[in-house]
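# Survey of secondary and tertiary structure
Here is how the chains run, residue by residue.
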Amino acid sequence: MTAERTQATDFWVSLARGSEPERLLRLQNHDATRSPSGSLGQSGLRAQTRNSGSQHGMRMSRAGQDRAFAPSIPDTRLDSPGRDRWGFALGRTGAESSTPTIVGSATVLRVATVLRVATLLWVATLGLAPSALAADPFLRRTATVDVVERVGPSVVNITTERITEIKSPFPRRPGADPFFEDFFSNFFEPRSRTVQSLGSGVIFDRNGHVLTNEHVIARADRVRVQIADGREFDAELVGADPTNDIAVLQILVEDDEVLPFTTPGSSSDLMVGEPVIAIGNPFGLSNSVTTGVISATNRSLNTKGSLPFHGLLQTDALINPGNSGGPLLNAEGQLIGINAAIYGGAQGIGFAIPIDVANRVIRELLLHGEVHPVWLGLEFQDIEPALRQVIDLPAGFGGALIHRLQPGSPASRSGVRRGDIVTSFDGQTIKNAQQLFEMLDGMTAGQELRLELFHDGAFRNVAARAEELPQSMVRNIASRMLGLDLEYSQTHLAWEVIDVDPGSASEALGLRGGDFLLGVNGVPLSTQKDLRRAIARLRGRARALVVVQRGPGRYHLTLPLQ
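In what follows, the accompanying structure is described. Along every chain, residues carry numbers that run from 1 in the direction the sequence is written. With pLDDT at 70 or above as the cut-off, local features in this predicted model cover only qualifying residues; side-chain atom pairs require 80 or more to be listed or tallied, and sums for whole chains, interfaces and linings still use all residues. Here the side-chain values reflect all heavy atoms present in the structure, with hydrogen atoms and water set aside.

### Considerations on the overall build of the chain
Applied cut-off: The numbering of helices and of strands both runs from the N terminus, where a helix is a DSSP run of H or I of at least 4 residues and a strand a run of E of at least 2. With a 1.4 Å probe rolled over the protein chains alone, any residue whose accessible area is under 20% of its type maximum counts as buried; one over 50% counts as exposed, and the rest are partly exposed. The contact criterion used is simple: two residues touch if any of their non-hydrogen atoms lie within 4.5 Å.
Within the chain, the secondary structure is distributed over 15 helices and 29 strands. Every one of the 562 residues in the chain was classed for burial, and the buried ones make up 40%. A fraction of 58% describes how many contacts in the chain between residues 6 or more apart in sequence connect residues 24 or more apart.

### What to know about the side chain of N281
Here is the rule we go by: Polar contacts here mean pairs of N or O atoms no more than 3.5 Å apart (in protein, one a potential hydrogen donor and the other a potential acceptor; neighbouring residues in sequence count only if both atoms are side-chain atoms).
Looking at the element boundaries, N281 is found in the loop between β10 (275–280) and β11 (288–301). From its side chain, N281 meets the backbone nitrogen of L285 in a polar contact 3.4 Å long. Every residue in contact with N281, bar those within four places of it in the chain, is listed here: N157, L198, G199, S200, S286, P321, G322 and N323.

### What to know about unusual backbone geometry
Positive phi, normally seen in glycine, also occurs at N287, with a value near 50°. Its identity as a non-glycine residue notwithstanding, N298 has a phi of 55°, on the positive side. You can see N298 is positioned in strand β11. Judged by its relative accessible area of 38%, N298 falls in the partly exposed class.

### A word on the nonpolar core
Applied cut-off: Grouping buried Ala, Val, Leu, Ile, Met, Phe, Trp, Tyr and Cys residues that are joined through side-chain atoms within 4.5 Å yields what is termed a nonpolar core.
Of all hydrophobic cores here, the largest spans 28 residues; its most connected members are L482, L486, L517, V520, I535 and L538. Contributions of two or more residues to this core are made by α13 (471–482), β24 (484–489), β25 (494–500), β26 (516–520), α15 (528–536) and β28 (543–550). A per-element tally of this core places α13 first, with six residues. Other than its neighbours up to four places away in sequence, L486 contacts R475, A478, W495, E496, V497, I498, L517 and L531. Ranked by size, the runner-up nonpolar core spans 26 residues in total, among them I246, V248, F351 and I355.

### So, the pairing of strand β29 (residues 553–560)
To keep things clear, this is the line we draw: DSSP calls a pair of strands paired once it identifies at least 2 bridges connecting them.
As paired strands, β28 and β29 are joined by eight bridges and run antiparallel to one another. Looking across to β29, one finds that V548 is bridged to Y555. Once β28 ends, the chain turns through two residues before running back antiparallel as β29, passing G551 with a positive phi of about 65°.

### Let's talk about the packing of aromatic side chains
The relative placement of two aromatic rings is captured by the distance of their centres and the angle of their planes. To keep things clear, this is the line we draw: Note on ring pairs: Phe, Tyr and Trp rings are taken, using the six-membered ring of Trp, and paired if centres are within 6.5 Å. Classes follow the plane angle, with under 30 degrees stacked, over 60 edge-to-face and the rest tilted.
For the structure on display, the rule yields four aromatic pairs. Judged by centre distance (5.4 Å) and plane angle (65°), the ring pair of Y488 and W495 falls under edge-to-face. An aromatic cluster of three or more residues is present, and its members are F397, F454 and F459.

### Examining helix α12 (residues 433–441)
Most of α12 sits inside the fold, with eight of its nine residues counted as buried. Those residues of α12 that sit buried are A433, Q435, L436, F437, E438, M439, L440 and D441. The secondary structure elements touched by the buried residues of α12 are β12 (309–315), β17 (378–381), β18 (400–405), β19 (421–425), β20 (428–429) and α15. Where α12 begins, the side chain of N432 points an oxygen toward the backbone nitrogen of Q434, at a separation of 3.3 Å.

### Section: the sheet that holds β11
Selection rule: Lines are fitted to the C-alpha atoms to define the axes, a helix being fitted only along its stretch in contact, and any angle between axes, read from their N-to-C directions, falls within 0 to 180 degrees.
Pairing is antiparallel in the closed barrel, where six strands are placed in the order β10-β11-β12-β15-β14-β13. Put simply, the sheet's adjacent strands are angled 45° from each other on average, direction ignored. Two strands pair when backbone bridges link them, and strand β13 (residues 327–330) and strand β14 (residues 335–342) are joined in this way by three bridges, in the antiparallel orientation. Within β14, the position partnered with L329 by the bridge is L335. Relative to the sheet, helix α6 (residues 143–151) contacts β10, β11 and β13, its axis offset from that of β10 by approximately 35°. Against the sheet, helix α9 (residues 355–368) touches β14 and β15 (350–354), its axis set at about 50° to β15.

### Observations concerning the side chain of H455
As for its position among the elements, H455 is in strand β21 (residues 448–455). Polar contacts involving the side chain of H455 include one to the side chain of D420, which spans 2.8 Å. For H455, the residues in contact, after removing those within four places along its chain, are R417, R418, G419, D420 and R460.

### Section: the pattern of salt bridges
Put simply, the test is: One speaks of a salt bridge when a side-chain nitrogen belonging to Lys or Arg is within 4 Å of a carboxyl oxygen belonging to Asp or Glu.
Inspection of every chain in the model, using the stated rule, returns 18 salt bridges. Between D234 and R222 there is a salt bridge, with its nearest N and O atoms 3.3 Å apart. Of this pair, D234 sits in strand β8 (residues 232–241) while R222 sits in strand β7 (residues 222–226), and the two are 12 residues apart along the sequence. A relative accessible area of 36% places R222 in the partly exposed class.

### Let's talk about the packing of α13 against α15
This is how it is decided: Note that the term roughly parallel is reserved for angles under 35 degrees, roughly antiparallel for angles over 145, roughly perpendicular for angles of 65 to 115, and oblique for everything else. Less than a right angle of anticlockwise turn of the near helix away from the far helix marks a crossing as left-handed, whereas a clockwise turn marks it as right-handed. For this scheme, ten residues count as nonpolar: Ala, Val, Leu, Ile, Met, Phe, Trp, Tyr, Cys and Pro. Four count as charged, namely Asp, Glu, Lys and Arg, and the remainder, Gly too, count as polar.
Two numbers describe how α13 lies on α15: the axes approach to 10 Å, and their chain directions differ by 50°. It follows from the interaxial angle that α13 and α15 lie oblique. Seen from above, α13 lies across α15 with left-handed handedness. Across from Q471, V474, I477, A478, M481 and L482 in α13, the residues of α15 making contact are Q528, K529, L531, R532 and I535. Of the residues belonging to the contact of α13 with α15, the class tally is seven nonpolar, two polar and two charged.

### Notes on the environment of I430
Along the chain, I430 falls in the loop between β20 and α12. The buried category is assigned to I430, whose relative accessible area is 0%. Separated by 30 residues in the primary sequence, I430 and A400 have C-alpha atoms spaced 7.4 Å apart. Ignoring anything within four residues of it in the chain, the contact list for I430 reads G398, G399, A400, V422, T423, S424, F425, Q435, L436 and M439.

### Topic: the layout of surface pockets
Applicable threshold: For cavity detection a 1 Å grid was placed over the protein atoms alone, and a set of points counts as a cavity when a 1.4 Å probe fits there but cannot get out; an open set counts as a pocket when protein lies on both sides within 12 Å along at least five of seven lines, with lining residues being those that have an atom within 4 Å of a point. Grid points are joined across faces, edges and corners, and a volume is the space filled by probe spheres set on the points.
Space inside the largest pocket adds up to approximately 1,500 Å³. Looking at the largest pocket, it is lined by 49 residues, and the ones nearest its centre are T243, N244, D441, G442 and M443. Listed by contribution, the elements that provide at least two residues to the lining of the largest pocket are β8, β11, β12, β15, α9, α12, β21 and α15. With five residues, the single largest contributor to the lining of the largest pocket is β12. Residue composition of the lining of the largest pocket, by class: 20 nonpolar, 17 polar and 12 charged. Estimates place the volume of the second largest pocket at around 570 Å³. Every residue lining the second largest pocket is counted, 26 residues in all, and those nearest its centre are L378, E379, F437, M481 and R539.

Below, the structure is given as structure tokens:
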């Protein structure tokens, strides 16, 4: 590019960047340097800046006469017969046509606009990028960017290790010579294998407590967390609740370590369609961010190998393996949920545990290390078709019929009566008794519950507060459900069978006094509190798997529940 072309380019770039008065002044100076007469090409336009007190402080000189430039009052002189749409004289020669007439502020602005557009187009052909085309930073710094910058540092990547032993490839065969069996086994040194899994979590207080899913840390022998700035720490389990799939970890740090954290918000006022942000560790890709909206609330999800979950948030923010336990945030950066599951075979359908549920579980885990069983003191059953006709339940309604109510229980004190039908529980429609049993499993002590009841052709609403299951009620419930009168034995650290109810299923199986009940549905009964936990998990089940010891032998029995 020649020096003359470079100089011209610099001039037109500076002209495009300036304000309207600055551009006119630069045109004048450029004109003066190119022509002694002050003409610009064939137009002969001259501009000079004076402090005349007008709006822009400028005067226009034409035909040797000065006149104040008043942008608000257009000049309507038409002293040239041929003019284009911008006010320039056309098709004339001589002195009269050598100078264009610019009429009024509107015309000046139009001329400046045309010049600026032409300049930008010409500069673009030269491959230049004027600052006027620079991106607006306010268009890029969205709410998502602000939320990620504020909350991202408190999101952790969780790595769990589980040690499993590798069995010997030389198993003992029945009837084989022990000498030869030991000979081959001695060649194999027992080994172990470490299985790793990945997950996510979020630090929710200044003490370094991490909120995540129970299935992320289940059966883990070692847990390590890594925060966004690259620091890694060991962590220990504070407590976990498989029913609600919530776990709390404690990061092991030195006293002078400072960790970022995000305080849990609320999920009570969520709106379907509002934007959400998910941060997690999918497939080991740390601190990945996805966005979406709340697709639905109060969703139920059936999971393989565990009880269904109710009251979940559905979102279309992409959630993948490794996102479990990570935070779900609203557009204001509030922690509103914990990502928990994805819908198999689909894309863009994920589920999160509402933070209000997680907050109740967190409180229990920090206080007791577990969620204590609670009760309302009512028992219920499905509504049989014949019974539906008798009670005249409106079409389209389902529910569970209350057939037994414990005196003095939370439900009885709230106004629930025997014969009521629970049609809605805590804002969710009840279809059958099994669904109500499943929802009761997720309750925590002190939780306020809203029940919609139908009785004698009318609906009514009551509020009940769940309470911790009293230890004094455990033996009564066990006697009614199992048909066994139990008493804890300090000597054997187990529950001894004192008596068996006549005609019960336990009597039919041959249980008798002096037997010891060692476990119920996988819960070992080694302490007095264990029986309360096991009995609470029998709600809604038709039978239980019990482990009974008689003398030196142990027996696994399937016991129908009453």
